[in-house]
Amino acid sequence: MNLRGRSFLTLLDYSPEEIRYLLDLSHSLKKEKAARVFPERLKHKNIVLIFDKTSTRTRCAFEVAALDEGAHVTYLSNSQMGKKESLEDTAKVLGRYYDAIEYRGFGQKIVEDLARFSGVPVWNGLTDSDHPTQVLADLMTIEEYAQKPLNRMKLAYVGDARNNMGNSLMIGCAKMGMAFTAVAPRVLWPDEDLTARMLELAKTTGARIEFSESLDAVVGADAVYTDVWVSMGEEAQFAARIKQLEPYRVTMELLKKTGNPDVLFLHCLPSFHDLETAVGREIFEKYGLKEMEASDEAFRSRHSVVFDEAENRMHTIKAVMVATLGD
């Protein structure tokens, strides 16, 4: 499998076999790190990380993964891109300095144009519509705990299913032949055009793509996934989202409803499951909610694999970098 020189903008660009290769590589690299083996496959490579949105896991995962493999990293959050210099000009300059570019920010077209003009691999750290490195980590985590292959598993996404995670998980499940059920108000189901494409893809991979407003749709799930109710840049919509999504909070009762005593709970983080954040306290003061998309009990339960999932961001990101940039 040769992915050298490829950008990683969306899982739509990768075949099931290529995704399988990246997952296998991720598992291998995780074992390698645990054994403190560092072959430095990216030695003398220079990588720039462009962040137009705040980050904890994405930035740290890219920096640690790059360091493990011997690369040098520049963190860039104050560039002139789109302000005093066009994206095209910035991409061409960065392509002369760096071997690869990571972008975390807003429109998907931005990361696509960076790849188009820079001439080097570009990796999507998150956009408004896609979060492919997160989905790789999610699939890897499920595989670590599951007793059966991905194509025999069901993932139920509960909450705001039309955000970047709802879209990306649907893509990942469709590619890998999994059953995907979006459990959400109809107005918050994934993008219709993307859904149509995934339903067509499912015919060839054996995946099952379904949508429901009923919580009963989680029955039979191997994994239940949720995300924050309001994405970055949408804070003005808190009141409306709370009204829409409060019935879809992931609780222990919802996890039990799956009928699976070993069901996994996943969340890409950060999560508003308690009052230990400024945002959480603000929501409590305004709306009286102590928990939002997930109850604290469910978040801390034996079903929760959120911190394994967070760690696996590093291993899957490392796999993407090694596969597309390594010698």
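Structural data are supplied above this passage.
Reading guide: rules and limits
Residues numbered from 1 in each chain as written. Predicted model: local features only at pLDDT ≥ 70, side-chain atom pairs only at ≥ 80, totals over all residues. Heavy atoms only, no water. Phe/Tyr/Trp six-rings, centres within 6.5 Å; stacked < 30°, edge-to-face > 60°. Helix = DSSP H or I, 4+ residues; strand = E, 2+ residues; numbered from the N terminus. Buried < 20%, exposed > 50% of the residue type's maximum accessible area, 1.4 Å probe, protein only. Lys NZ or Arg CZ within 6 Å of the ring centre and 35° of its normal. Core = buried A, V, L, I, M, F, W, Y, C linked by side-chain atoms within 4.5 Å. Contact = heavy atoms within 4.5 Å. Pairing = 2+ DSSP bridges. Axes fitted to C-alpha atoms, helices over the stretch in contact; angles between N-to-C directions. Salt bridge = Lys/Arg side-chain N within 4 Å of Asp/Glu carboxyl O. Arc of directions from axis to C-beta. Expected span 1.5 Å × (residues − 1). Polar contact = N/O pair within 3.5 Å; in protein donor to acceptor, adjacent residues only side chain to side chain.

Chemist: Pulling in residues and values, what's your account of the packing of aromatic side chains?
Modeler: Per the counting criterion, the structure on display carries seven aromatic pairs. Ring geometry for F51 versus Y75: centroids 5.3 Å apart, planes at 45°, classification tilted. Of this pair, F51 sits in strand β1 (residues 46-51) while Y75 sits in strand β2 (residues 72-76), and the two are 24 residues apart along the sequence. A residue is classified by how much of its surface remains accessible, and F51, at 3% relative accessible area, is buried. One cation-aromatic arrangement involves R6 over Y14; the distance from NZ or CZ to the ring centre is 4.2 Å. A cation over an aromatic ring shows up here: R59 above the ring of Y75, its NZ or CZ 3.5 Å from the ring centre.

Chemist: Provide a residue-level description of the nonpolar core, including the pertinent values.
Modeler: Core analysis: the largest hydrophobic core is formed by 63 residues, its most contacted members being I47, W123, I142, L155, F180 and M321. Once residues lying within four places of it in the same chain are set aside, the contact partners of L155 are I142, L169, C173, M178, A179, F180, T181, A223 and Y225. A156, V218, Y248 and L289 belong to the second largest nonpolar core, which has 30 residues in total.

Chemist: Explain the sheet that holds β1 residue by residue, including any values.
Modeler: Two strands in a sheet stick together by hydrogen bonds in their backbones, pointing the same way (parallel) or opposite ways (antiparallel). Strand order across the open sheet formed by four strands is β2-β1-β3-β4, with parallel pairing between neighbours. Both edges of this open sheet fall to β2 and β4 (122-126), since each of them pairs with a single strand only. With direction set aside, neighbouring strand axes in the sheet form an average angle of 20°. Here strand β3 (residues 100-104) pairs with β4 via four bridges, running parallel.

Chemist: Tell me about the pattern of salt bridges, residues and numbers included.
Modeler: Scanning the entire structure with this criterion turns up 24 salt bridges. The partner of E32 in a salt bridge is R41, and the shortest N-O contact between them spans 2.7 Å. Overall, E32 belongs to the buried group, its relative accessible area being 16%. Ionic pairing is found between D222 and K148, a salt bridge with its closest N-O pair at 3.0 Å. With D222 in the loop between β7 (208-212) and β8 (223-226) and K148 in the loop between α5 (132-145) and β5 (154-158), this residue pair connects regions lying 74 residues apart in the sequence. With relative accessibility at 10%, the residue D222 sits in the buried group. Among the charged side chains, a network of salt bridges with common partners joins R4, K45 and D327.

Chemist: So, helix α3 (residues 87-97): which residues are in play, and what are the values?
Modeler: Residues of α3 that are buried include every one of L87, T90, A91, L94 and G95, and no others. Axial view of α3: buried residues confined to an arc of 135°, hence all on one face.

Chemist: Please set out helix α2 (residues 57-68) residue by residue, giving values where relevant.
Modeler: In this model, α2 (twelve residues) spans 16 Å end to end at C-alpha, consistent with the 16 Å of a helix rising 1.5 Å per residue. Buried residues of α2: T58, A61, F62, A65, A66 and D68, and no others. Looking straight down α2, one finds its buried side chains confined to an arc of 155°; they lie on one side. Those residues of α2 that are buried are in contact with α1 (16-34), β1, β2, β3, β4 and α12 (306-325). G70 occupies a position one or two residues after α2 and carries a positive phi of about 90°.

Chemist: Help me get a handle on unusual backbone geometry, residues and values and all.
Modeler: A cis amide bond links L269 to the next residue, P270, at an omega of 0°. Along the chain, P270 turns up in the loop between β9 (264-267) and α10 (278-287). Of note, the phi angle at E40 is positive, near 55°, even though the residue is not glycine. The topology assignment puts E40 in the loop between α1 and β1. When its relative accessible area of 36% is taken as the criterion, E40 is described as partly exposed. The exposure class assigned to L269 is buried, which follows from its relative accessible area of 13%.

Chemist: Go over the sheet that holds β9 with me, naming the residues and quoting the values.
Modeler: A sheet is described by the order of its strands in space; here five strands give the open sequence β7-β6-β5-β8-β9, paired in parallel fashion. Each of the sheet's edge strands pairs with one partner strand only, and the pair in question is β7 and β9. Looking at each pair of strands side by side, their axes are set apart by 20° on average, direction ignored. Looking at chain direction, strand β6 (residues 179-183) and β7 are connected through five bridges and run parallel.

Chemist: I'd like a rundown of the side chain of T226, residues and numbers included.
Modeler: Inspection of the secondary structure puts T226 in strand β8. Exposure remark for T226: the relative accessible area of 0% places this residue in the buried category. There is a polar contact of 2.7 Å between the side chain of T226 and the backbone oxygen of V158. Excluding its chain neighbours within four sequence positions, the residues that come into contact with T226 are Y157, V158, V250, F265, L266, H267, C268, E293 and A294.

Chemist: How would you sum up the side chain of H315? Please name residues and give values.
Modeler: Take H315: it is sitting in helix α12. H315 has contacts with S26, L29, K30, K33 and M140, leaving out every residue within four places of it along the chain.

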